[in-house]
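# Structure at a glance
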Amino acid sequence: MKKKLYVLTLAGVMAASLIGCGSTSTGTTAGEKAAQAETSQQKDITAEKMKHETKDSGKEDTPATDGNEKQGGENEMINGQDIPGGDGEMLCGGWSAADSMKITEQHLDMFKKAQETLTGAYYTPLALLSTQVVAGTNYRFLCRMDASVAELNATPYYAIVEIYEDLQGNASISRITDSEVPAPSSDGMMVGAYAQPEDLAMTPEATKAFELATKTITGMEYKAAALLGSQVVTGTNYRILCEAKASTAGSDTGWAILTIYADLQGNAEITEIAEMK
C-alpha cells in the first residue's frame, strides 16, 4: 500500500514538473515573439524614415518663389541692356555695324554739342560706321577734319571720331583717330580726282577688287568698312577704309586706308596702305 502511494506521489511530482517546464517554455516563446514583433516594427519605422530622407535629399535647397522672382546668377534685361543679377554691373556689348551709314539731323546735333569746347580742328561726319550700347551709346563716325581757322586753308583729311552720348542727351568726343589721307572738301571735290560715292557703301566691283588684293596677305587682317572713293585710270583705283588687325592673338583692332588698283584683266593689288593713328 505504501509502495503504491509512493508511486502515485512520484508520478504527481513528475507531472507537476512537466507542467512547470511547459509553462516556462511557453513563456519564453511568447517573449521571443514579442521581441521579434518589436524589432520588425522598429525596422519598418527605420526603413520609412530612410525613404523620406532619401526623397528629400533629391530636392534643391531653394526658397519658394512665386514664379516671377529671378534666380541667383541669371541676368535680367533693363531697357534692352544686360544687367548681371545682384551686383548691378552693366555689361557693355561689342561694337555693331550700323544698319545705315547715313548721317541724320540727330548725328549733326550730337557733333555740335560734342565740339563746343574743341579747338584747332573741326570734324564733319561723313558716315556712321558702328554703334555700341553702354549706359547711353557710343557712336563711331568717319569724318572730314578741317582746320578750325579758315585762313589756314589747310587740306581736309579723313579721321575716325568716337562720340559718347549719355541717357540725358549730353555728348562728348571720347576718341579721335587721324589720318594723312586727303578727304573731299566741303564742295564735295576730292583731291586727286577721286569720286566719292553718296553713301560710302562698298560696291560689288570694289568688294571684288578688295577680296582679290587681300587674299594673299599674311600677318595682317583687313575688313572693308567703307568705300571712300574711286578713280578711273587704265583700270580703277579704289580707296577703301578698313579695320586692321595683326594676325597674332590678342592684337588690338585699328584702322587703315587701302588704295587698291584693279586692272582691265580682272587682277587687283594693294598699291598703298595708310595707317590711321
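## Regarding helix α2 (residues 105-114)
Of the residues making up α2, those classed as buried are H107, M110, F111 and A114. Down the axis of α2, the buried set is contained in an arc of 100 degrees. They therefore lie on one face. What points out from α2, more than 90 degrees from its buried face, is the exposed set E105 and K112. Buried positions along α2 lie against β4 (121-134), β5 (136-147), β6 (157-165) and β7 (171-182).

## A short note on the pairing of β5
Buried residues dominate β5, accounting for 10 of its 12 residues. Two elements, β4 and β5, share 12 bridges in a ladder whose sense is antiparallel. Bridging from a neighbouring strand, T124 pairs with R144 of β5. Between β4 and β5, which follow one another and run antiparallel, lie 1 residue. When β5 meets β6, the two strands line up antiparallel, connected through 9 bridges. Pairing of L142 across the sheet is with I160, part of β6.

## Regarding the sheet that holds strand β10 (residues 253-262)
Read across the open sheet, the 4 strands follow the order β8-β9-β10-β11; overall the sheet is antiparallel. If you trace the sheet from one side to the other, it starts and ends with β8 (220-233) and β11 (268-276), each paired once. Taken pair by pair, the neighbouring strands of this sheet meet at an average axis angle of 25 degrees, ignoring direction. Note: β10 against β11, 8 bridges, orientation antiparallel.

## So, the pairing of β8
Relative to strand β9 (residues 235-246), β8 runs antiparallel, the two sharing 12 bridges. The partner of Y222 across the bridge, within β9, is A244. In this structure, the hairpin formed by β8 and β9 is closed by a connection of 1 residue.

## Some details on unusual backbone geometry
What is expected of a backbone is that most residues other than glycine have negative phi and most peptide bonds are trans. In this structure, L200 is a non-glycine residue whose phi angle is positive, near 65 degrees. Turning to its location among the elements, L200 is positioned in the loop between β7 and α3 (204-214).

## Considering the packing of aromatic side chains
Taken as a whole, this structure holds 2 aromatic pairs when the rule is applied. An angle of 75 degrees between the planes, with centres 4.9 Å apart, marks the rings of F111 and F141 as edge-to-face. Note that F111 is positioned in helix α2 and F141 in strand β5, a separation of 30 residues in sequence. Note on F111: relative accessible area 2%, which makes it buried. Taken together, a centroid distance of 6.1 Å and an interplanar angle of 20 degrees make the contact between Y139 and F141 stacked. Residue class for Y139 comes out buried when judged on its relative accessible area of 10%. Ring pairing ties together the aromatic residues F111, Y139 and F141, which thus form one cluster. Over the aromatic face of Y194 sits the side chain of R239, whose NZ or CZ is 4.1 Å from the ring centroid.

What counts, and where the lines are drawn
Residues numbered from 1 in each chain as written. Predicted model: local features only at pLDDT ≥ 70, side-chain atom pairs only at ≥ 80, totals over all residues. Heavy atoms only, no water. Buried < 20%, exposed > 50% of the residue type's maximum accessible area, 1.4 Å probe, protein only. Helix = DSSP H or I, 4+ residues; strand = E, 2+ residues; numbered from the N terminus. Arc of directions from axis to C-beta. Contact = heavy atoms within 4.5 Å. Pairing = 2+ DSSP bridges. Axes fitted to C-alpha atoms, helices over the stretch in contact; angles between N-to-C directions. Phe/Tyr/Trp six-rings, centres within 6.5 Å; stacked < 30°, edge-to-face > 60°. Lys NZ or Arg CZ within 6 Å of the ring centre and 35° of its normal.

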